[in-house]
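# Structure at a glance
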Amino acid sequence: MEGETMKIIYYQSLIEVKRTFRNFSYTFWSILTPITFYILYTKVFFINLPDQKLWQAYFLMSMTSFSIMGGAIVNFGARLVAERQFGWSKQMSVTPVANSQLFFSKIIGQSTVHLLVIIIIFLTGFIVNGVKLSPVQWLTSGLWILLGTIPFVALGTVIGTI
């Protein structure tokens, strides 16, 4: 039974990831908007700073955090509200998927989305501005941002259940 539970959570998480990236609103506000701001603020507005490379790396982390926080609070919470409002939660209650499995799959799916968004935005900084960090710095920055999303996912969950 343990393997079956993990299989259900895996496939439900995969569905959550696909649903999130199919949502144009999420893609626009959580990926395209931070990337656009990053490019504008590092290539157009603030181009004559004393330490341009430091600014580009700093603002990359800021825009990545902005993207993840917004996605966790606004989109995740709104999706939970919409699922309840349109009866999706009730539909899921008649399937063999337990509420706990559904909940964990939503959290795992959202965390996976956050990880992918971090990678996308970090790649943008590397490609557009040549932001150079050591592999350890890239990894620890991404992990800290990912860990920092936990309270925001929790807040999105609270908003979604109110």
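All of the points below concern the structure found in this document. The structure displayed is predicted, hence computed values, not measured ones. Within any chain, residue numbers begin from 1 and follow the written order of that chain's sequence. The predicted origin of the model limits local features to residues at a pLDDT of at least 70 and limits the giving and counting of side-chain atom pairs to 80 or more, whereas totals for whole chains, interfaces and linings rest on all residues. Heavy atoms from the whole structure form the basis of all side-chain values; hydrogens and water molecules are not counted.

## Some words on the packing of aromatic side chains
Here a Phe, Tyr or Trp ring, Trp counted by its six-membered ring, pairs with any other such ring whose centre lies within 6.5 Å, and the pair is stacked when the planes are under 30 degrees apart, edge-to-face when over 60, and tilted otherwise. Evaluation of the coordinates by the stated rule reveals 12 aromatic pairs. Seen from their ring centres, Phe37 and Tyr41 are 6.4 Å apart, and the 85° between their planes marks the pair as edge-to-face. Here Phe37 pairs with Tyr41, and both are found in helix H2 (residues 24-45), just four residues apart, close to one helical turn. Three or more aromatic residues link up through ring pairs in this structure, and these residues are Phe37, Tyr38, Tyr41, Phe45, Trp55, Tyr58 and Phe59. The way it works is that DSSP assigns letters per residue, a run of H or I at least four long becomes a helix, a run of E at least two long becomes a strand, and they are numbered from the N terminus.

## Focus on the nonpolar core
Grouped together as the largest cluster of nonpolar side chains are 21 residues, with contacts concentrated most on Tyr38, Leu60, Val117, Ile118, Phe122, Val131 and Ile145. Elements represented by at least two residues in this core include exactly H2, helix H3 (52-85), helix H5 (99-129) and helix H6 (135-148). For this core, the element with the highest residue contribution is H3, accounting for seven residues. Excluding residues within four positions of it along the chain, Tyr38 makes contact with Gln56, Phe59, Leu60, Met63, Thr124, Gly125, Asn129 and Val131. For this analysis, a nonpolar core means a set of buried residues of the types Ala, Val, Leu, Ile, Met, Phe, Trp, Tyr and Cys, connected via side-chain atoms within 4.5 Å. Each residue's exposure class comes from its accessible area (1.4 Å probe, protein chains only) as a fraction of the maximum for that residue type: buried when under 20%, exposed when over 50%, partly exposed otherwise. In this description, contact between two residues means that some pair of their heavy atoms is separated by no more than 4.5 Å.

## Topic: a nonpolar patch on the surface
Distance thresholds for patches are 9 Å for like charges and 5 Å for nonpolar side chains (Val, Leu, Ile, Met, Phe, Trp, Tyr), applied to residues having over 30% relative accessible area and no salt bridge. Where accessible areas are quoted, they stem from the Shrake-Rupley method and a 1.4 Å probe; at the residue level, only the protein chains shown are allowed to cover. Take a side-chain nitrogen of Lys or Arg and a carboxyl oxygen of Asp or Glu: if they are within 4 Å of each other, that pair is a salt bridge. Together, Leu115, Leu116, Ile119, Leu123, Phe126 and Ile127 make up a nonpolar patch on the protein surface, roughly 550 Å² of accessible area in all. Following the sequence through the fold, Leu123 ends up in helix H5.

## Things to note about helix H1 (residues 2-22)
Between its terminal C-alpha atoms H1 stretches 31 Å, which fits the 30 Å expected from 21 residues at 1.5 Å a residue. By the burial criterion, the buried members of H1 are Ile9, Gln12, Ser13, Glu16, Val17 and Thr20. Projected down its long axis, H1 shows its buried positions confined to an angular sector of 150°, all on one face. In H1, those exposed residues whose orientation departs by more than 90 degrees from the buried face are Gly3 and Arg22. Packing partners of the buried residues in H1 comprise H2, H3, helix H4 (88-92) and H5. Take the residue count of a helix, subtract one, and multiply by 1.5 Å to get its expected span. Throughout, the arc means that of the directions going from the helix axis to the C-beta atoms.

## Overview of the side chain of Thr124
Summarising the element assignment, Thr124 is placed in helix H5. In contact with Thr124, not counting residues within four places along its chain, are Ile35, Tyr38 and Asn129.

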